[in-house]
Structures are given as structure tokens and as C-alpha cells.
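# Remarks on the overall topology
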Amino acid sequence: MQSSSVCAGCERFSDYAGYGDTYRWTGGHADTTPRDAWGRRQTKVVAIDALLFSRSSAQYGPRCVVRELNKAYVGFAEPGVAREHLPAVATGNWGCGAFRGDPDVKCLIQLIAAAEAGRDVVYFTFGDARLRDHLFQMYYFLSERQINGADILALVDQYYSKKCREGDAPTQGLYSYIYKVYSAEDTDSVSGDEPEESAAKAESRGGENEWNIEDDEAINDFLNASEDL
């Protein structure tokens, strides 16, 4: 069952430092977030459970990707509220600690889910500048080429089929693989040869936001195919 827990009106009372074993309280906090008509702070905290992966490569498979995509969408969507009134989702490396998730794929999953829910994303890497730049470069790469959600899912599926079936950990990173696929297509386009076989194409399917999942048929095909694996 795809569900999420939403706590509305959350108020912060403490400052802290660290994470996990290094977490510690550092003092009181004065929350100045505006209140709504009911007197609640205009903040919502969403709890969505990520999958635990005993085998790292499993997370790129269609069943796991679709499960996480649906879970993130359920957490991010707010039916009945106009998109222009929805605040951004503040998130980060969801399920990437003890649950062994890969920030590369989890970032893409959350971006697709947020786009479909009509929300912007504020992504926190908690001071990891290398990861920040790594994720942003991929976001910029995909946006510049107007690669939509359906194409991204197809790329992840292709990556899983080609790079993740032999062992626990893929020998090539997901983003490295995506760059290589489009680099090969760009080279083939210049030379006039047929492009390398690819499940994703760097063409826009329309829409104002390139991250929106506009091609429902392509998404449904992906979801249906995953049920057979």
C-alpha cells in the first residue's frame, strides 16, 4: 500500500548539530514561521518510508524504482491545492544512509515525483559540496536537453538491464552511464551514423516544465513492463 504520514503545523523548539551517532542538542530555537488561520505554523512534515536494500543493485530495477516513485509522489502530492500555491519540497538523500540507497537515483526519483505533483524541490546535501555539484550537473544536463520523466525512467531501466545484473554493485555509476549514452548519440548524430541503441531519446515531448511526466503512455508502458519482471 502506498501511503504517507503528514504532520501539519510542526513547530521547531531546538537547535542541533550532527546526524545519527553525532547528533546533539545545541540550544533552544525560536520558530518564526508564520501561522495559518488555525494558529498552526505553516509547515508540514511528511514521512515516507524508503526501501531497505540488502543488494545495492536491486534499487535500479523497475519494481523498486516504481515503488519509490509512487511513495514519493504520495508524499509530495496535495490534491485540491492549486499548483501555484504549493510550496517547494525540502528533501535530501532519502533512504541513502543505513538503507543503502544511492543518491543518484533517489534524487531523480524525487525530482520526477515532485514535478508530477507540481512542486519545486529544495535539495539538501548537508554540507557535501561534491554531491551537491554532482547532482546539479546532472539536473542541468537533463534540463538543457529537455529530457522528461519517461525518458529518465527508461534510462534507469536500461542501466539496470545492462550494468546491474551480474553482481551486488554496478561497475559504472548511473550518471556516468547516462552521460555516456547521450555522448554516443551526439557523436553518432555528427557522423551521420545510426545512434547507439537507447531506450531514451533527448527530445522534448512538450509541456512548459521539462521535468513533468507528459507522456502518460510511456509511463504506463514502463509500469506495465515492470510487473512482468
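Residues numbered from 1 in each chain as written. Predicted model: local features only at pLDDT ≥ 70, side-chain atom pairs only at ≥ 80, totals over all residues. Heavy atoms only, no water.

Further remarks concern the environment of L135. Inspection of the secondary structure puts L135 in helix α3 (residues 129–144). Along the backbone, L135 and C107 are 28 residues apart, and their C-alpha atoms lie at a distance of 7.5 Å. Each residue touching L135, except ones within four places of it in the same chain, is listed here: P103, D104, C107, Y123, T125 and Y175. (Helix = DSSP H or I, 4+ residues; strand = E, 2+ residues; numbered from the N terminus. Contact = heavy atoms within 4.5 Å.)

What follows covers the pattern of salt bridges. Under the counting rule described, the total for this entry stands at 11 salt bridges. The residue D49 makes a salt bridge to R67 at a minimum N-O spacing of 2.7 Å. One end of the pair, D49, is in the loop between β4 (44–47) and α1 (62–76); the other, R67, is in helix α1, and 18 residues separate them in sequence. Among the residues examined, D49 registers a relative accessible area of 42% and is labelled partly exposed. When salt bridges that share partners are traced, they join D49, R67, E68, K71 and K106 into one network. (Salt bridge = Lys/Arg side-chain N within 4 Å of Asp/Glu carboxyl O. Buried < 20%, exposed > 50% of the residue type's maximum accessible area, 1.4 Å probe, protein only.)

It is worth spelling out the environment of R67 at this point. Taking relative accessible area as the criterion, R67 reaches 18% and is therefore assigned buried. Separated by 17 residues in the primary sequence, R67 and A50 have C-alpha atoms spaced 9.1 Å apart. Engagement of the side chain of R67 in a polar contact is seen with the side chain of D49, the distance being 2.7 Å. (Polar contact = N/O pair within 3.5 Å; in protein donor to acceptor, adjacent residues only side chain to side chain.)

Turning our attention to the state of the cysteines. Taken as a whole and assessed by the stated rule, the structure comprises 0 disulfides. Take C96: it sits in no disulfide, and the sulfur closest to it among the cysteines is that of C107, at 9.3 Å. (Disulfide = S-S within 2.5 Å.)

On to the packing of helix α2 (residues 103–116) against helix α4 (residues 149–163), then. Between α2 and α4, whose axes approach to 10 Å, the crossing angle comes to 155 degrees. Comparing the axis directions of α2 and α4 gives the class roughly antiparallel. At the point where α2 passes α4, the crossing takes the left-handed sense. Contacts between α2 and α4 involve V105, L108 and I112 on the former and, on the latter, G149, I152, L153 and V156. Tallied by class, residues from the contact of α2 with α4 come to 6 nonpolar, 1 polar and no charged. (Axes fitted to C-alpha atoms, helices over the stretch in contact; angles between N-to-C directions. Parallel < 35°, antiparallel > 145°, perpendicular 65-115°, else oblique. Left-handed = near helix turned anticlockwise from the far one by under 90°. Nonpolar A, V, L, I, M, F, W, Y, C, P; charged D, E, K, R; others polar.)

Across 4 bridges, the pairing between strand β2 (residues 14–17) and strand β3 (residues 24–28) is antiparallel. Looking across to β3, one finds that S14 is bridged to G28. Here β2 folds back onto β3, and the loop between the two strands holds 6 residues, one of which, G18, carries a positive phi near 85 degrees. (Pairing = 2+ DSSP bridges.)

With that out of the way, let us pick up the confidence of the model for the chain. Scored by pLDDT, the chain comes out at a mean of 82, with 79% of its residues at no less than 70. Taking the mean pLDDT of every element in the chain, the minimum, 44, falls on helix α6 (residues 216–226) and the maximum, 97, on β3. The low-confidence segment residues 190–229, where pLDDT is below 50, has 73 contacts with residues more than four positions distant or belonging to other chains. (pLDDT = per-residue confidence, 0-100.)

Here the focus is unusual backbone geometry. Positive phi outside glycine occurs at R100, with the angle close to 70 degrees. Tracing the sequence through the fold places R100 in the loop between β5 (89–91) and α2. Under the relative-accessibility criterion, R100 is labelled partly exposed at 37%. Here Q146, not a glycine, exhibits a phi torsion of approximately 55 degrees, which is positive. Relative to the helices and strands, Q146 resides in the loop between α3 and α4.

We now examine the packing of α2 against α3. Interaxial distance between α2 and α3 falls to 11 Å at its minimum, and their mutual angle equals 50 degrees. Classified by the interaxial angle, the pair formed by α2 and α3 is oblique. The two elements α2 and α3 cross, and the hand of that crossing is right-handed. Across from P103, D104, C107, L108 and L111 in α2, the residues of α3 making contact are L131, H134, L135, M138, Y139 and L142. Residues belonging to the contact of α2 with α3 are distributed by class as follows: 9 nonpolar, 1 polar and 1 charged.

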